[in-house]
Amino acid sequence: MEQNEVFNPPAEFSNSASIKSLDEYKRLYQAAADDKEKFWAEQAQAVHWFAPWSKVLDWSNPPFARWFIGGQTNVAYNCLDRHLTTWRRNKAAIIWEGENFEQRTLTYQELYRKVCKFANALKELGLKTGDRSIIYMPMIPEAAVAMLACARLGITHSVVFGGFSAEALKTRIQDLEAQIVITANSGLRRGKDVPLKQSVDEALKHCPTVKNVIVYKRQEIPTHMQSGRDHWWDDMTLDRPETCPAEQLDSEHPLYVLYTSGTTGKPKGVVHSTGGYLTQVLSTMKWVFDIRDDDVYWCTADIGWVTGHSYVVFGPLAAGATAMMYEGAPDWPKQDRFWRLIEKYRVTIFYTSPTAIRSFIRQGDQWPEGHDLSSLRLLGSVGEPINPAAWKWYHKVIGKERCPIVDTWWQTETGAIMISPIPGATPAKPGSATLPLPGVFPEILDDKGNKIEGAGKGFLVLTQPWPAMLRTLYKDPERFKENYFSRFPGIYFTGDAATRDNDGYIWVLGRVDDVINVAGHRLSTMEVESSLVRHKSVAEAAVVGAPHELKGQAIHAFVTLKSSEKESDILYDNLREWVAQEIGALARPEKIHFVAALPKTRSGKIMRRLLREIVTTKSVAGDTSTLEDYNVILQLSRQGKEEEEILGEKK
Ligand code: WTA
């Protein structure tokens, strides 16, 4: 690893940044280390509280943290109402462009009115604090409106990515026991309709808790509406009052539940709080994005992911920023769409994923070079490790060697960015998320849980609670404990491996559990396996992540067929499509390997580690591994391995 290449923050950037030097960062970090509670109490001053808290942190019942005990606040109030008494009232809150080039700009006042009207519609349907909603929307401003309206009333919402299938939607609705689904009749992706409402109808055949569906009309297309259950958004908000009081919610009120893949087939409902979450998200807007009032800030994430929650909606709006939102695909109608958007709206901060960056590299420099990107001042990356070559391309071709890059490490569970350069302060090393933010205390542990001091490689853990941390897994506190706090008792285990270099910089290497990170999206091997074995031809399946040039990792499925079935190209395609239908296109396996048997431990556990080795070392010749190849490789891989080691395989 080229660990010694350093890019200092450009002086021009540092001079006007809110944190100007590494020393300043160190002082802040030290202050948080000396007295974490005092530090976060100061940060929480940036939030509007209806009632003050009496205690900063309650960690008396670990791992269940409570922050800002007794404090009352409201996230939507902080994102909207607070700005209405300032000059920001007529500032653009959201600048949106549809894939079909439609444009809308909503000022803070306009957004406020839309949110209030929609909140009143929810009330009219009988929804109240403590209820639950599912939001299954395309990337349109109404998605943010729905999130904020729920937050305003204390309805715990769960956004389901619009690319997920009816089946995936169903399991999430059922787990959440949601009373309402908020959706659109269609989305737009590469010029085609995405039939969101159809998926909702399909899912709702098995969701008795849902009494109402609100449907935003994205396009004039025939839409099935079930009378008594389904309501058009426009009808529900027409002539409704344009104000609606924000509920004064307890700091620990669950703001949202976001389902993410874990190490079993069942997705985990990560529960986020109100006061602590908002405090940390807001702090990171300042530290990491150095957000200013004249910025045009664009995070390209979909609202279906945590990045869309913290850094498309809640973070930027709480900071009073102008946030860009784009509905469609980056290569529609041509490969330069993102650069066109940056040029057109004079975007100053651009935050995207390494997968997107790698695909831009592949498309060629002519696409960005055809546009004026001089408005950019800061670039960001999130979701997966960024390889140094991609980092340098981003720095040179997009940032023109002028813009710092923030490589931000965090997780659905952490709620906010945890490890990242501070753009005006931290010398960057391509491929490293660099140093922990103030109030974040990572360690690297060895297999036995011993702290690695100084340089070394091991498991990345967080040793102290932080305000935006997940509070639990929805309705499953035992799984919460087991999943995050049992590998190293009492310490939060991230699931990632990392190295620390001699400068204390952290290099996150990727997941060490059964989670695959495809194009920055988390999937569990078990989820894909369970889908495959539901197919009538499949006997057994084992799924692993294989390195992929563009997506970081791609799904490889090893499949054994029932004895009556024969492998064929048709079945190969069918199985890939099956998974895409069951979970969503992002889960479509890159490759299916038909095999005669899966390698197992004596206790019958599939040895995914061995399969990972096979796909990683590329020992599998050809597109589909034949039976002979596979057995040869398997035997080779086993040679020299102690049987004990094979038996000791965990998971
Ligand atoms: C990975 C996304 C390296 C990591 C915000 C983590 C990263 C998982 C980085 C969380 C980064 C995220 N460098 N790896 N800058 N950012 N990851 O929950 O494996 O979708 O555990 O949250 O993505 O993915 P999640």
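Provided above is the structure to which this section pertains.
Now for a look at the structure at hand. (Residues numbered from 1 in each chain as written. Predicted model: local features only at pLDDT ≥ 70, side-chain atom pairs only at ≥ 80, totals over all residues. Heavy atoms only, no water.)

1. What about the packing of aromatic side chains?
What the rule picks out here adds up to 42 aromatic pairs. For the pair Phe 480 and Tyr 484, a centre-to-centre distance of 6.0 Å together with 55° between the ring planes defines the contact as tilted. Taken as a pair, Phe 480 and Tyr 484 lie in helix H17 (residues 477-485) at a separation of four residues, close to a single helical turn. Comparing Phe 480 with Tyr 484 shows no difference in burial state: the two are buried. (Phe/Tyr/Trp six-rings, centres within 6.5 Å; stacked < 30°, edge-to-face > 60°. Helix = DSSP H or I, 4+ residues; strand = E, 2+ residues; numbered from the N terminus. Buried < 20%, exposed > 50% of the residue type's maximum accessible area, 1.4 Å probe, protein only.)

2. So, helix H20 (residues 608-616)
Those residues of H20 that fall on the buried side of the exposure criterion are Arg 608, Leu 610, Leu 611, Ile 614 and Val 615. Around the axis of H20, the buried residues are gathered within 155° of arc, so they sit on the same side. (Arc of directions from axis to C-beta.)

3. Quick look at the nonpolar core
Formed by 170 residues in total, the largest nonpolar core has its most connected members in Leu 122, Phe 289 and Tyr 311. Element by element, the count of residues in this core is highest for helix H7 (residues 141-153), at 10 residues. Sequence-distant contacts of Leu 122, defined by excluding residues within four places in its chain, comprise Leu 127, Ala 149, Cys 150, Leu 153, Ile 155, Ile 180, Ile 182 and Ile 214. Among the nonpolar cores identified, the runner-up in size contains 29 residues, and Ala 92, Val 347, Ile 357 and Ile 398 belong to it. (Core = buried A, V, L, I, M, F, W, Y, C linked by side-chain atoms within 4.5 Å. Contact = heavy atoms within 4.5 Å.)

4. A word on the environment of Glu 582
Here Glu 582 is to be found in helix H19 (residues 569-582). Given the relative accessible area of 13%, Glu 582 is considered buried. Residues Glu 582 and Leu 532, 50 residues apart in the sequence, show an inter-C-alpha distance of 9.2 Å. Of note is the side chain of Glu 582, whose polar atom sits 2.8 Å from the side chain of Arg 534. (Polar contact = N/O pair within 3.5 Å; in protein donor to acceptor, adjacent residues only side chain to side chain.)

5. Description of unusual backbone geometry
For the bond running from Pro 62 to Pro 63, omega is 5°, close enough to zero to count as cis. For Pro 63, the location among the structural elements is in the loop between strand E1 (55-58) and strand E2 (66-69). Cis geometry is adopted by the peptide bond preceding Pro 333, which originates at Trp 332 and carries an omega value of -5°. Tracing the sequence through the fold places Pro 333 in the loop between strand E17 (322-326) and helix H13 (337-345). Phi at Lys 400 is positive, roughly 50°, even though this residue is not glycine. Looking at the secondary structure, you find Lys 400 in the loop between helix H16 (388-398) and strand E20 (405-408).

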